[in-house]
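# Analysis of the macromolecular model
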Amino acid sequence: MHISQIANSQRLLALIVLILACIAQRAGSQGTKYGLWTPDRAHSDTQPIQWTGGQFEFPCASTKSLFKSSGKYIAKNVIATRAQLIGDTIYLALPRYRKGVPATLVKTTIQPGTCSTTFKPYPCWDLQEEGNCKALQSVVDLVVDQNEVLWVLDTGIVNTLETPVRKCAPKVVAMSVKTGKVLKTVSLEGLTSSSSRLQYLVVDYAPDGGCFIYVSDAANRAIIVYNLQADRGFRVVLPKAVSAGCRSRDVLYIALIRRDCGSTELYFTYLSTSKLFSLKSEYLRSGVADGRILDLGKKPSRMVIIGTDNGSAIFFRNEGDAEVYRWDTNSTFAETNFKPVYRSQTCQLVTHAVPDYKRNTMRVLQSNFPDYMQNRIGCGAIQQLNHMQGCW
């Protein structure tokens, strides 16, 4: 072939490649106010797991029948709001928002491609009994720490969407996922009041190995700090500026960020307020928060913080929106640094984003939560554990 013909062929090939790239960009990119969402981290082996209401593994058919006839089991009243993964096992929090939730802490196994799943009470049925203060009453959050200890926050209040009943004092319970045994029960009775609304739980380890738990108390504008080693706790009351513009019965989000140097920092905000704040954990652990809280600036919208990657990233969505964004806290708190990483194809809302270390990805737990809250769910809330797509 003549040299000029080769050159013309190369130019034609380059032009074709350029045209195809432009077409792909227009077809594949979806614009948002935060940037372009690109599904470049899809994992073929992490298929969505979906279920409706809640199906349980009862000891026998007669037990299931008894639970149903007594009103202790109403499948449509079950909804999972928080999750943790270890290997192929998923641990789920099933708050007792309405009657008929037989177990408030369960586990199940990841089964790609299935459209239903069965819950097994964790660690056993005995620890799910309402009214038994040695058991779990209503688990609203859960965390698996670096030692594979499962920590759960139990508010002690059931039927919160119907007729709230305080069955027992609030507590945090630690369990070994290897043995299923309860390692520690921390009563929060002396650190709370009758008006307390406990919502989120964080577990932190100090440089010397000491373990601390942090719990958000939205009603009292406080963060409960408990030192496991010293077996004592206290409340850190946040400045009034943190709750400026709060609605009644607001949500106080907390998220723990881990830096590369090993230090940790707690980020927090009320849903309806305009600003995001942070506090270094070393100050929180010592109870010296005055003058140490950082005002990170104005939020562009009402942010619903749904989780972290156990590193420097916070995942959130805007109130009522299905898109999920990632913000690397090493960058400035600004819209230009919010990267879209997930968009629900079913208009469901994500309630938790959690790491899936086995598959090197992030997972999202989503549902038609607003419909459930307003009792418009028919046969039950539709819930799904999906993998996150995008440039996270």
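As the structure is a prediction and not an experimental result, all values here were calculated from the model.

On to the environment of Cys133. Along the polypeptide, Cys133 turns up in the loop between strand S8 (118-121) and strand S9 (139-144). Among the residues examined, Cys133 registers a relative accessible area of 44% and is labelled partly exposed. Along the primary structure Cys133 and Gly156 are separated by 23 residues, whereas in three dimensions their C-alpha atoms are 8.2 Å apart. When neighbours within four sequence positions are excluded, Cys133 is seen to be in contact with Lys167, Cys168 and Lys171.

Right, let's get into the sheet that holds strand S3 (residues 49-52). Here four strands make up an open sheet; going across it, the order is S3-S29-S28-S27 and the pairing antiparallel. Two strands close off the open sheet at either side, each with one partner strand: S3 and strand S27 (349-356). Adjacent strand axes in the sheet meet at a mean angle of 15 degrees, parallel and antiparallel pairs treated alike.

Reading across the sheet, the four strands line up as S19-S20-S21-S22 and stay open at both edges, with antiparallel pairing between neighbours. The open sheet has two free edges, formed respectively by strand S19 (252-258) and strand S22 (294-298), since each of these has just one partner strand. Averaged over neighbouring strand pairs, the angle between their axes works out to 25 degrees when direction is ignored. As paired strands, strand S20 (residues 264-270) and strand S21 (residues 275-280) are joined by four bridges and run antiparallel to one another. Its bridge partner being in S21, Tyr267 is matched across the sheet by Ser278.

Along the chain, Ile306 falls in strand S23 (residues 303-308). In this structure, the C-alpha to C-alpha distance between Ile306 and Ala255, residues 51 residues apart in sequence, is 8.7 Å. Ile306 has contacts with Arg82, Phe315, Phe316, Arg317, Val324, Val350, Thr351, His352 and Ala353, leaving out every residue within four places of it along the chain.

In this structure, the largest pocket occupies an estimated 1300 Å³ of space. Lining the largest pocket are 42 residues, with Tyr97, Gln199, Val251, Phe369 and Met373 positioned closest to its centre. Among the elements of the structure, strand S15 (198-205), S23, S27 and helix H4 (369-373) are those that each provide at least two residues to the lining of the largest pocket. A per-class count over the lining of the largest pocket returns 20 nonpolar, 14 polar and eight charged. Size it by volume and the second largest pocket reaches roughly 650 Å³. Lining the second largest pocket are 32 residues, with Gln84, Val143, Val144, Thr308 and Asn310 positioned closest to its centre. Every element with two or more residues in the lining of the second largest pocket is listed here: strand S5 (82-86), S9, S15, S19, S23 and S27. A per-element tally of the lining of the second largest pocket places S19 first, with five residues. Of the residues in the lining of the second largest pocket, the class split is 19 nonpolar, seven polar and six charged.

Reading the values: the criteria
Residues numbered from 1 in each chain as written. Predicted model: local features only at pLDDT ≥ 70, side-chain atom pairs only at ≥ 80, totals over all residues. Heavy atoms only, no water. Helix = DSSP H or I, 4+ residues; strand = E, 2+ residues; numbered from the N terminus. Buried < 20%, exposed > 50% of the residue type's maximum accessible area, 1.4 Å probe, protein only. Contact = heavy atoms within 4.5 Å. Pairing = 2+ DSSP bridges. Axes fitted to C-alpha atoms, helices over the stretch in contact; angles between N-to-C directions. 1 Å grid on protein atoms, 1.4 Å probe; cavity = no way out; pocket = protein on both sides within 12 Å on 5 of 7 lines; lining within 4 Å. Points joined across faces, edges and corners; volume = space filled by probe spheres on them. Nonpolar A, V, L, I, M, F, W, Y, C, P; charged D, E, K, R; others polar.

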